[in-house]
Amino acid sequence: MSSTELPPVPPANVLPRVAPVPVEEGERLRSVELPGITLTVRSRPPAREGLPPALYVHGLGGSSQNWSALMALLDDAVDGDAVDLPGFGDSPPPDDGNYSVTAHARAVIRFLDASGRGPVHLFGNSLGGAVSTRVAALRPDLVRTLTLVSPALPELRVQRSAVPTGLLALPGVAALFTRLTREWTAEQRVRGVMALCYGDPARVTPEGFRAAVREMERRLQLPYFWDAMARSARGIVDAYTLGGQHGLWRQAERVLAPTLLVYGGRDQLVGFRMARRAARAFRDSRLLTLPDAGHVAMMEYPETVATAFRELLAETGQRSRPARRGPAHGTAGEPEPGAGADGGEGTAPDAGACGTRTGLGG
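Worth saying up front: this structure is predicted, and the values here are computed from it rather than measured. (Residues numbered from 1 in each chain as written. Predicted model: local features only at pLDDT ≥ 70, side-chain atom pairs only at ≥ 80, totals over all residues. Heavy atoms only, no water.)

**Q** What should I look at first to understand the overall build of the protein in this one?
**A** Counting its secondary structure elements, the protein contains 12 helices and eight strands. Burial status across the protein gives 57% buried among its 362 residues. The long-range share in the protein, meaning contacts at least 24 apart out of those at least 6 apart in sequence, stands at 77%. (Helix = DSSP H or I, 4+ residues; strand = E, 2+ residues; numbered from the N terminus. Buried < 20%, exposed > 50% of the residue type's maximum accessible area, 1.4 Å probe, protein only. Contact = heavy atoms within 4.5 Å.)

**Q** Sorry, what's going on with the environment of Asp95 here?
**A** You can see Asp95 is positioned in the loop between β4 (79–84) and α2 (101–115). The exposure class of Asp95 is exposed, given its relative accessible area of 68%.

**Q** Quick question: what am I supposed to make of the packing of aromatic side chains here?
**A** To describe a pair of aromatic rings, one takes the distance between the centres and the angle between the planes. Tallied over the full model, the rule gives five aromatic pairs. Arranged with centres 4.8 Å apart and planes meeting at 50 degrees, the rings of Phe123 and Phe309 form a pair that is tilted. Taken together, the residues Phe123 in strand β5 (residues 120–125) and Phe309 in helix α12 (residues 302–315) connect sequence positions 186 residues apart. Residue classification places Phe123 among the buried positions, given a relative accessible area of 0%. Feature note: the residues Tyr56, Trp67, Phe123 and Phe309 constitute an aromatic cluster, connected by ring pairs. Here the guanidinium or amino end of Arg203 rests over the ring plane of Tyr301, the centre of that ring lying 4.3 Å away. (Phe/Tyr/Trp six-rings, centres within 6.5 Å; stacked < 30°, edge-to-face > 60°. Lys NZ or Arg CZ within 6 Å of the ring centre and 35° of its normal.)

**Q** Help me understand the pattern of salt bridges, please; the structure alone is not making it clear to me.
**A** When the charged atoms of two side chains lie near each other, side chains of opposite charge can form a pair. This model, assessed by the stated rule, comprises 16 salt bridges. Among the ionic pairs, Asp81 bridges to Arg117, the shortest N-O distance being 3.1 Å. Here Arg117 lies in the loop between α2 and β5 and Asp81 lies in strand β4, a separation of 36 residues in the sequence. For the pair Asp81 and Arg117, a shared accessibility class is recorded, and that class is buried. The shortest N-O distance in the salt bridge between Glu187 and Arg191 comes to 3.3 Å. Placement of both Glu187 and Arg191 in helix α6 (residues 186–197) is noted, with a separation of four residues, approximately one turn of the helix. Classification of Arg191 by relative accessible area gives partly exposed; the value is 49%. (Salt bridge = Lys/Arg side-chain N within 4 Å of Asp/Glu carboxyl O.)

**Q** I keep staring at empty space enclosed by the protein and nothing clicks. Help me out?
**A** Empty space left among the atoms is revealed by rolling a probe the size of a water molecule over them. Tallied over the entire structure, the rule returns two cavities of 30 Å³ or more. Around the second largest cavity, the lining residues are Gly87, Phe88, Gly89, Arg219, Leu222, Tyr224 and Phe225. Each residue belonging to the lining of the second largest cavity can be placed in one class, and the counts come to four nonpolar, two polar and one charged. (1 Å grid on protein atoms, 1.4 Å probe; cavity = no way out; pocket = protein on both sides within 12 Å on 5 of 7 lines; lining within 4 Å. Points joined across faces, edges and corners; volume = space filled by probe spheres on them. Nonpolar A, V, L, I, M, F, W, Y, C, P; charged D, E, K, R; others polar.)

**Q** I tried to follow the side chain of Ser68 on my own but got confused; where do I start?
**A** Inspection of the secondary structure puts Ser68 in helix α1 (residues 68–73). The buried category is assigned to Ser68, whose relative accessible area is 8%. Residues in contact with Ser68, not counting those within four places in the same chain, are Glu24, Glu27 and Arg42.

**Q** Got a minute to help me understand the pairing of β5 in this structure?
**A** Looking down a regular strand, the side chains alternate between one sheet face and the other. Of all the six residues making up β5, six are buried; the element is thus mostly covered by neighbouring parts of the structure. Every second residue of β5 is oriented toward a common face, with Val120, Leu122 and Gly124 on one face and His121, Phe123 and Asn125 on the other, all of them buried. Examined bridge by bridge, strand β3 (residues 53–57) and β5 share four bridges and lie parallel to one another. Considered in β5, the bridge of Leu55 is made with Leu122. A crossover connection joins β5 to the parallel strand β6 (residues 143–149) through helix α3 (residues 127–138); in handedness this β-α-β unit is right-handed. (Pairing = 2+ DSSP bridges. Right-handed = clockwise from strand over helix to strand, strands pointing away.)

Written out as structure tokens, the structure is:
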């Protein structure tokens, strides 16, 4: 092993004990053991029995907690689970150390097959958006609808603010960054995350900020934190280079499920210009553009995203009750710059949800 590589991660059963993962009121966590992986799943009891199932998949460095606000708003429309991908949140690293987009998609498929909850309304943000796209293309039987928030789909011209994500994929960079930022406090790191992920970091409440700092402190105690970040970033870069039937854009074209696409005009990691290409690629798409949102619109404008999802249910005949009307949103055509620009106060980004103050994320 090169001296610039991260040290090997100990087996999950000998990892140090850290502070408990935050759980919002009404939520519960459970551990699901599957071949080669153990997943922590966050769930929220539905408002009533018989609602269709939903699954939420977070982005690079995030966790199931990124979906708490949206899950609470939709608990009368779907029976929601949010998964911690292997190596993130409270899920230990995968046995084989594989953090590729395909491996993450395999974990989601294994969970859905084992739980018998499919087909689900599948949600994905950033890396989770790429993972969810692959799941929907490979296993259309598991997906009712697909909702993608700033999905990490290949861009030929990457934004400069997203370049550090690609650099993180290079061998040794994560270890170097760890040494260079050893003196940074958890508060400094969280402020960097918020500046990177949010269109307006001031939307985060003081309580949300303090919770994010506590979560960052917990994350930094995990010996595999940077390894999971680096290998997952490498997985995104590798997925961007795949062509043919394995290419993410080709797989987007194969998705049969009705799709809601959500893009933020102030997103520093996924180009807002990609909204038009995505709307063309997914055959049955609707487009919600939020000019003032950043990379995690489901956290910054959860009410607006929830309204758009309810409208998706209504349009596709899957609504179980009258939809609550809300802000107008775009269609599958050109983005509407003024659409959906309102919403309530944002929630705090999960510590590390988009990386660190240098722009690590995806």
